[in-house]
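# Remarks on the overall topology
Each chain, written out:
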Amino acid sequence: MQGSLARRIITRTRCTSLQPSRARLLSSSARVAAPTSLHTFTEEEQMLREAVRRFAKEEVEPKVREMDENEMMDPSVITGLFDQGLMGIETSSEYGGSEASFTSAIIAIEELARIDPSVSVLCDVHNTLVNTIFRKYGTEEQRNRFLPLLSQNKVGSFCLSEPASGSDAFALQTRAVKDGSDWVINGSKIYEAEIFLIFANVDPSKGYKGITCFAATKDMGIQIAKKEQKLGIRASSTCTLNFDDLRVPEENIIGGLGKGYKVAIEILNEGRIGIAAQMLGLAQGAFDKAVPYTYERKQFGQPVGTFQGMAHQIAEAAIQIEAARLLTYNAARLKEEGHVFTKEAAMAKYYASVVAQKVSGSAIEWAGGVGFTRETGIEKYWRDSKIGAIYEGTSNIQLNTIAKFVQKEYSTT
């Protein structure tokens with residue numbers, strides 16, 4: 001992405017007019033947007049896709065296996081994400097961001113995941129959760145202080161989950177107590193970065209209504225207790241963080257005292273579209289690696305991919321990937337247009353994670369013995385896919401959300 005193309009992306013809306021017709025009884029001044037497919041993108045979104053795909057292929061792919069083996073992100077990859085404007089995709093140029101669309105962020109996440117889901121999730125959480133919270137809920141002073149750093153060189157972390165609270169995230173144990181003009185935070189979280197959004201309860205007697213979001217930086221005294229050893233997305237650091245009398249000033253409260261629940265719930269709906277994009281890209285990446293091999297490897301005198309049994313598996317996988325893509329793009333566009341998208345985000349996140357796991361598993365089998373080796377990189381996609389059914393709302397949580405919307409629509413009681 002030469003010259004940080006992403007920073008110059010500002011989406012333009014195009015529409016065409018529907019000419020008046022006597023049969024339709026429309027006024028001569030009537031104008032409506034022509035319907036388009038979910039594969040219709042602005043010129044800027046197309047350019048971004050091509051540029052991110054090139055960056056991922058040229059800069060990320062040569063380092064994927066080493067990063068996975070070392071369980072550490074190469075610093076040059078993180079620097080590259082910042083240099084290319086991919087860590088402030090929706091952020092206004094006023095704060096050093098690219099000022100692009102939400103769908104642009106989804107496209108970037110998808111394209112990065114085709115090469116390495118670990119790099120993709122770093123970009124995803126930073127953009128769809130951390131940046132969005134500052135943009136949507138931060139004061140002007142907070143935006144001026146944090147967004148330029150998040151666009152230029154500081155990685156952000158969304159600290160909601162705790163070792164003892166997963167799906168029931170609002171049963172969190174981290175506490176914050178007022179002390180003069182500061183809040184003193186004690187507890188532990190998971191994840192590592194340089195700028196942290198910490199969710200802590202300032203009044204446990206109020207339950208979730210006491211949860212508050214605080215912005216903190218690493219130099220305030222956040223301690224990294226342990227780095228987790230994971231099955232997948234190993235280059236993405238997951239660490240236990242300890243807050244021992246961590247002092248955070250009053251002006252670092254994001255969204256208001258006791259409003260952390262509202263902030264987290266609303267922002268996770270957007271984040272789930274990001275995870276759907278990650279899983280979509282992962283499935284496509286595994287498919288792209290394995291399918292060509294099936295037409296090169298011959299058994300019984302013909303390419304294994306041409307046997308009807310395998311050909312049908314490949315066809316079904318292609319259908320599932322496309323269905324996941326349409327669910328993801330639809331949720332992204334609904335969000336952009338200001339519509340309610342909670343159900344659609346849950347559907348996209350659930351289905352994309354199912355498809356990612358299924359396709360990456362099948363890809364190993366299509367490649368046979370070599371698919372089981374680490375040399376091809378296919379098995380890594382399967383390991384990385386497992387987290388899709390867990391973080392930012394487990395698959396069962398997504399199904400519960402979808403079921404509630406269905407019940408609301410169809411139940412008469």
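Please refer to the structure placed before this passage.
## Observations regarding the overall build of the protein
- The helix and strand tally for the protein stands at 11 helices and 10 strands.
- Taken against the 2.2 N^0.38 rule, which gives 22 Å for 413 residues, the C-alpha radius of gyration of the protein at 23 Å falls within 12% of a compact globule.
- Residues classed as buried in the protein amount to 51% of the 413 residues present.
- Contacts spanning at least 24 positions in sequence make up 73% of the contacts within the protein whose residues lie at least 6 apart.
- Here the protein has roughly 19,000 Å² of accessible surface; of this, 53% comes from carbon and sulfur atoms.
- The average position of the 48 basic charges and that of the 50 acidic charges among the side chains of the protein differ by 5 Å.

## A closer look at helix 10 (residues 378–385)
- With 7 of its 8 residues buried, helix 10 lies for the most part within the structure.
- When we look at burial in helix 10, the residues that qualify are Ile378, Glu379, Lys380, Tyr381, Arg383, Asp384 and Ser385.

## Overview of the nonpolar core
- Ile133, Phe134, Phe158, Phe199 and Trp366 are the most contacted members of the largest nonpolar core, which totals 57 residues.
- Taken together, the elements giving at least two residues each to this core come down to helix 5 (117–137), helix 6 (140–152), strand 4 (195–201), strand 5 (211–217), helix 7 (260–296), helix 8 (308–336), helix 9 (342–366) and helix 10.
- A total of 14 residues in this core trace back to one element, the largest contributor, which is helix 7.
- In this structure, Phe134 is in contact with Gln142, Arg143, Phe146, Leu147, Leu150, Ile195, Leu197, Ala215 and Ile254, ignoring residues within four places of it in sequence.

## A look at unusual backbone geometry
- We note that Glu71 has phi near 55°; this positive angle belongs to a residue other than glycine.
- A relative accessible area of 15% places Glu71 in the buried class.
- Even without being a glycine, Phe300 presents a positive backbone phi close to 55°.
- Its place among the elements puts Phe300 in the loop between strand 9 (298–299) and strand 10 (302–303).

## Focus: the pattern of salt bridges
- If you walk through the whole model with that rule in mind, you get 30 salt bridges.
- Of the charged contacts, one joins Glu61 and Lys57 as a salt bridge, the two residues approaching to 3.1 Å between their closest N and O atoms.
- You can call Glu61 partly exposed: its relative accessible area is 26%.
- Taking the relative accessible area as the measure of exposure, Lys57 reaches 48% and is therefore partly exposed.
- The salt bridge partner of Asp68 is Arg383, with a shortest N-O separation of 2.8 Å. Here Asp68 is found in helix 2 (residues 64–70), whereas its partner Arg383 is found in helix 10, with 315 residues between them in sequence.
- Judged by its relative accessible area of 4%, Asp68 is buried.
- Connected through salt bridges with shared partners, the residues Arg49, Arg53, Glu110, Glu111, Arg114, Asp288, Glu322 and Arg325 form a single ionic network.

## Here we look at the packing of aromatic side chains
- Enumeration according to the criterion identifies 6 aromatic pairs in this entry.
- A ring pair is formed by Phe158 and Phe199, whose centres lie 5.1 Å apart and whose planes are at 65°; its orientation type is edge-to-face. A residue pair is termed long-range when its members are at least 10 positions apart, and Phe158 in strand 1 (residues 156–159) and Phe199 in strand 4 qualify at 41 residues. Neither Phe158 nor Phe199 differs from the other in exposure class; each is buried.
- Directly above the aromatic system of Phe41 lies the positively charged group of Arg49, at a separation of 5.1 Å from the ring centroid.

## Considering the environment of Thr139
- Relative to the elements of secondary structure, Thr139 occurs in the loop between helix 5 and helix 6.
- Placed 112 residues apart in sequence, Thr139 and Glu251 show a C-alpha to C-alpha distance of 9.1 Å.

## Regarding the packing of helix 4 (residues 102–115) against helix 5
- The geometry of helix 4 relative to helix 5 is characterised by a closest axis approach of 7 Å and an angle of 160° between their N-to-C directions. One finds that helix 4 runs roughly antiparallel with respect to helix 5. Helix-helix and strand crossings are classified by hand; for helix 4 and helix 5 the assignment is left-handed. Together, Phe102, Ile109, Leu112, Ala113 and Ile115 of helix 4 and Pro117, Val119, Ser120, Cys123, Asp124 and Thr128 of helix 5 make up the contact between the two elements.
- Split by residue class, the contact of helix 4 with helix 5 holds 8 nonpolar, 2 polar and 1 charged.

## A look at the side chain of Arg114
- Residue position: Arg114 is located in helix 4.
- Once residues lying within four places of it in the same chain are set aside, the contact partners of Arg114 are Arg53, Gly281, Leu282, Gln284, Gly285, Asp288 and Tyr381.

## Brief notes about the packing of helix 5 against helix 7
- Where helix 5 meets helix 7, the closest approach of the two axes is 9 Å, and the angle between their N-to-C directions is 155°. Accordingly, the angle class assigned to the pair helix 5 and helix 7 is roughly antiparallel. In the packing of helix 5 onto helix 7, the handedness of the crossing is right-handed. Here Pro117, Ser120, Val121, Asp124, Thr128, Leu129, Thr132, Ile133, Lys136 and Tyr137 of helix 5 lie close against helix 7, whose contacting residues are Lys262, Val263, Glu266, Ile267, Leu268, Glu270, Gly271, Gly274, Ile275, Gln278 and Leu282.
- Tallied by class, residues from the contact of helix 5 with helix 7 come to 10 nonpolar, 6 polar and 5 charged.

## Things to note about the pairing of strand 7 (residues 239–249)
- Two elements, strand 3 (residues 182–190) and strand 7, share 8 bridges in a ladder whose sense is antiparallel. The residue of strand 7 that forms the bridge with Val184 is Arg247.
- As defined by bridge partners, strand 6 (residues 223–227) adjoins strand 7 across 4 bridges and the pair is classed as antiparallel. When the sheet's bridge partners are listed, Lys227 is paired in strand 7 with Cys239.

The rules we used
Residues numbered from 1 in each chain as written. Predicted model: local features only at pLDDT ≥ 70, side-chain atom pairs only at ≥ 80, totals over all residues. Heavy atoms only, no water. Helix = DSSP H or I, 4+ residues; strand = E, 2+ residues; numbered from the N terminus. Rg over C-alpha atoms; globule rule 2.2 N^0.38 Å. Buried < 20%, exposed > 50% of the residue type's maximum accessible area, 1.4 Å probe, protein only. Contact = heavy atoms within 4.5 Å. Areas by Shrake-Rupley, 256 points an atom, 1.4 Å probe, with all protein chains shown as cover. Lys, Arg positive; Asp, Glu negative; His and termini not counted. Charge placed at Lys NZ, Arg CZ, Asp CG, Glu CD. Core = buried A, V, L, I, M, F, W, Y, C linked by side-chain atoms within 4.5 Å. Salt bridge = Lys/Arg side-chain N within 4 Å of Asp/Glu carboxyl O. Phe/Tyr/Trp six-rings, centres within 6.5 Å; stacked < 30°, edge-to-face > 60°. Lys NZ or Arg CZ within 6 Å of the ring centre and 35° of its normal. Axes fitted to C-alpha atoms, helices over the stretch in contact; angles between N-to-C directions. Parallel < 35°, antiparallel > 145°, perpendicular 65-115°, else oblique. Left-handed = near helix turned anticlockwise from the far one by under 90°. Nonpolar A, V, L, I, M, F, W, Y, C, P; charged D, E, K, R; others polar. Pairing = 2+ DSSP bridges.

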